[in-house]
Amino acid sequence: MAQVSSIAEEQAPNPLSASKSVLLRISRFNPETDESNKFMEFSVPYQKWTTVLEAILDVKKHFDHSVAVRYSCRQATCGSCGMLINGKPRLACFTKISELNSDVVTVEPMNNFPVIRDLAVRFERLFDTHHKIKPFLIRDDTELESNEKEFLQSPEELENFIQFANCIKCGLCNSACPTMTTDSSFVGPQALAQAYRYVADSRDKGKDSRLDIIDESHGIWRCHFAGSCSQVCPKGVDPAMGIQFLRGYLLGFRS
Amino acid sequence: MKESTIMKIHYGTALASVGLVAVHILMRLTTGFSDSLSYENVLANYQSIPYVVMLELILILLAVHGFNGLRVILLELKQGRVYEKAVSYGCVVGMIALIGYGSRTIIMTNMGMS
Ligand code: HEM
Ligand code: SF4
Ligand code: FES
């Protein structure tokens, strides 16, 4: 049975503006001891600007310190706090309760990631696939050898990839991707978007080796244009578009 | 074979099928649909060499496309070295078997061995 707890009026951080409250449902699950997850429910006061992460931290502070959640920057930069919020993958620190337009906020761990405990998930697969596409500039010379101190780039050349360089490795795209759910070997939208980020970088010379890596049976072709990755990306990366651009190279429409 | 080569074939067979199946349907429209499947008409169609060649092409294109599609679905459903090998070879065998059986029907009917 879920039990509803609420912060007493005098405990609220600012009683003057704590006029509204929301029912926060937190998924609790410890894979070592539990067979399935349970929801704990808390009534939490919130302001127009209160984020879901702040509400979860409120619960940790006032009701149950054992709720497991990963976070760091609280400003959509570190990519730690991805979770399902009312069923959709979002950053908890970048989602205001008021924008959800709901009296109930349900938080669960991201899909397609193994759960460590409660809301915290393992990122090994994301980091492995990211690493696999060689997320660095590939070229024979280095800036140490060349006369110029840096590899110059025109604003137009920067435009080609800068959007894709905004990725914070939060994994929301991989969590939303339907192929990731059944194909445990799929390279995934996050890594594919990063493959494009480097292939499109005028300083990079590793296009062919990178295209070879993604051109395999669990590579880029296992994307079926669902587009959910781009819908959930909090940084406007648009992995689905990067994937189509990469396909262009492999099908001979781009060079 | 490279996955991109396979997928080029997959998209190519899909596009070619759209064209050929359109011709196939248009030719069926020359008679009413009920007449189209009457015994004599079916046999007569198989006597026309250009039409038979087209049917054979559609058979090959859609067998290649369909079985590769099935391979894709199965590869995404479950993973594992042995399983994936079985799926890949199984689909090639299925493809060849279907083309073989279909061709047998087409050739035998064309030669009047019904
Ligand atoms: C002539 C019309 C057809 C066109 C234009 C067409 C096109 C396509 C395309 C573009 C894909 C790739 C989709 C993706 O990667 O997400 C696909 C997949 C597939 N096709 Fe077709 N196809 C046609 C007919 C058929 C027929 C008649 C069959 C059955 C024999 C078939 C079976 C499949 C299968 C099983 C897949 C794999 C499922 C998937 O990848 O989503 N297709 N088709
Ligand atoms: S592409 Fe977007 S959603 Fe995917 S990991 Fe990067 S920032 Fe997160
Ligand atoms: S806490 Fe860093 S992205 Fe949310």
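Since we're looking at a predicted model, the values are computed, not measured.

## What about the packing of aromatic side chains?
Residue and element names in this part refer to chain A.
1) Next: All chains considered together, the criterion is met by 6 aromatic pairs over all chains.
2) Next: Where F164 meets Y196, the ring centres are 4.9 Å apart and the plane angle is 75 degrees; that geometry is what we call edge-to-face. Of this pair, F164 sits in the loop between helix 3 (155-159) and helix 4 (172-176) while Y196 sits in helix 6 (residues 188-199); the two residues are 32 residues apart in sequence, bridging distant segments of the chain.
3) Next: For F164, a relative accessible area of 2% translates into the label buried.

## Focus on the coordination of the iron atom of ligand 1
Ideal geometry at a metal centre: 109.5 degrees between donors when four sit tetrahedrally, and 90 or 180 degrees when six sit octahedrally.
1) Next: Here the protein supplies the iron atom of ligand 1 with just one donor, H65 of chain B (NE2), and that contact is 2.0 Å long.
2) Next: Looking at the secondary structure, you find H65 of chain B in helix 4 (residues 49-77).

## Topic: the side chain of E84 of chain B
1) Next: Following the sequence through the fold, E84 of chain B ends up in helix 5 (residues 81-110).
2) Next: R71 of chain B provides the closest opposite charge to the buried, unpaired E84 of chain B, separated from it by 7.9 Å.
3) Next: Among the polar contacts made by the side chain of E84 of chain B, one reaches the side chain of H218 of chain A at a distance of 3.0 Å.
4) Next: Discounting residues that sit within four places of it in the chain, E84 of chain B has contacts with S217 and H218 of chain A together with L75 and Q79 of chain B.

## A few points about the site of ligand 2
1) Next: Of all residues adjacent to ligand 2, which total 13 residues, the nearest are C167, C170, G171, C173 and C233 of chain A.
2) Next: Its residues assigned to classes, the shell around ligand 2 comprises 9 nonpolar, 2 polar and 2 charged.

## A closer look at the pattern of salt bridges
1) Next: Scanning all chains against the criterion turns up 13 salt bridges over all chains.
2) Next: Here R25 of chain A ties to E41 of chain A by a salt bridge, and the two come within 3.2 Å at their closest N and O atoms. Linking R25 of chain A in strand 2 (residues 20-28) with E41 of chain A in strand 3 (residues 38-46), this pair joins segments that are 16 residues apart in sequence.
3) Next: Look at E41 of chain A and you get buried, because its relative accessible area is 17%.
4) Next: Residue E3 of chain B is joined to R71 of chain B by a salt bridge in which the shortest nitrogen-to-oxygen separation is 2.8 Å.

## Some thoughts on the domain arrangement of chain A
Residue and element names in this part refer to chain A.
1) Next: Here chain A is partitioned into domain 1 (4-121) and domain 2 (124-251).
2) Next: Taken together, the contact pairs 16 residues of domain 1 with 16 residues of domain 2.
3) Next: Of the roughly 1,100 Å² buried between domain 1 and domain 2, counting both surfaces, carbon and sulfur atoms make up 59%.
4) Next: Among the residues of domain 1 in contact with domain 2, P89, N112 and F113 are the three that bury the most area, contributing 45% of the side total.
5) Next: Our count for the contact surface shared by domain 1 and domain 2 stands at 0 salt bridges.
6) Next: The tally of links between domain 1 and domain 2 comes to 6 residue pairs in polar contact (both at pLDDT 80 or more).
7) Next: Of all the secondary structure elements, the ones that give two or more residues to the side of domain 1 that touches domain 2 are strand 4 (82-85) and strand 5 (88-91).
8) Next: The element contributing the most residues to the side of domain 1 that touches domain 2 is strand 5, with 4 residues.
9) Next: Tallied by class, the residues present in the side of domain 1 that touches domain 2 amount to 9 nonpolar, 5 polar and 2 charged.

## Points about the interface of chain B and chain A
1) Next: Counting residues at the interface gives 13 residues for chain B, matched by 17 residues for chain A.
2) Next: Of the roughly 1,300 Å² buried where chain B meets chain A, counting both sides, 51% is carbon and sulfur surface.
3) Next: Summed over the three residues of chain B that lose the most area to chain A, namely E3, E76 and Q79 of chain B, the buried surface amounts to 43% of that side.
4) Next: Between chain B and chain A we count 3 salt bridges in total.
5) Next: D212 of chain A is the salt-bridge partner of K2 of chain B, the closest N and O atoms lying 3.5 Å from each other.

Rules used throughout
Residues numbered from 1 in each chain as written. Chains lettered and ligands numbered in written order. Predicted model: local features only at pLDDT ≥ 70, side-chain atom pairs only at ≥ 80, totals over all residues. Heavy atoms only, no water. Phe/Tyr/Trp six-rings, centres within 6.5 Å; stacked < 30°, edge-to-face > 60°. Helix = DSSP H or I, 4+ residues; strand = E, 2+ residues; numbered from the N terminus. Buried < 20%, exposed > 50% of the residue type's maximum accessible area, 1.4 Å probe, protein only. Donors = N, O, S within 2.8 Å, 3.2 Å for Na, K, Ca; no water. Lys, Arg positive; Asp, Glu negative; His and termini not counted. Salt bridge = Lys/Arg side-chain N within 4 Å of Asp/Glu carboxyl O. Polar contact = N/O pair within 3.5 Å; in protein donor to acceptor, adjacent residues only side chain to side chain. Contact = heavy atoms within 4.5 Å. Near = heavy atom within 4 Å. Nonpolar A, V, L, I, M, F, W, Y, C, P; charged D, E, K, R; others polar. Domains from an automatic or database assignment. Buried area = accessible area lost by both parts, 1.4 Å probe.

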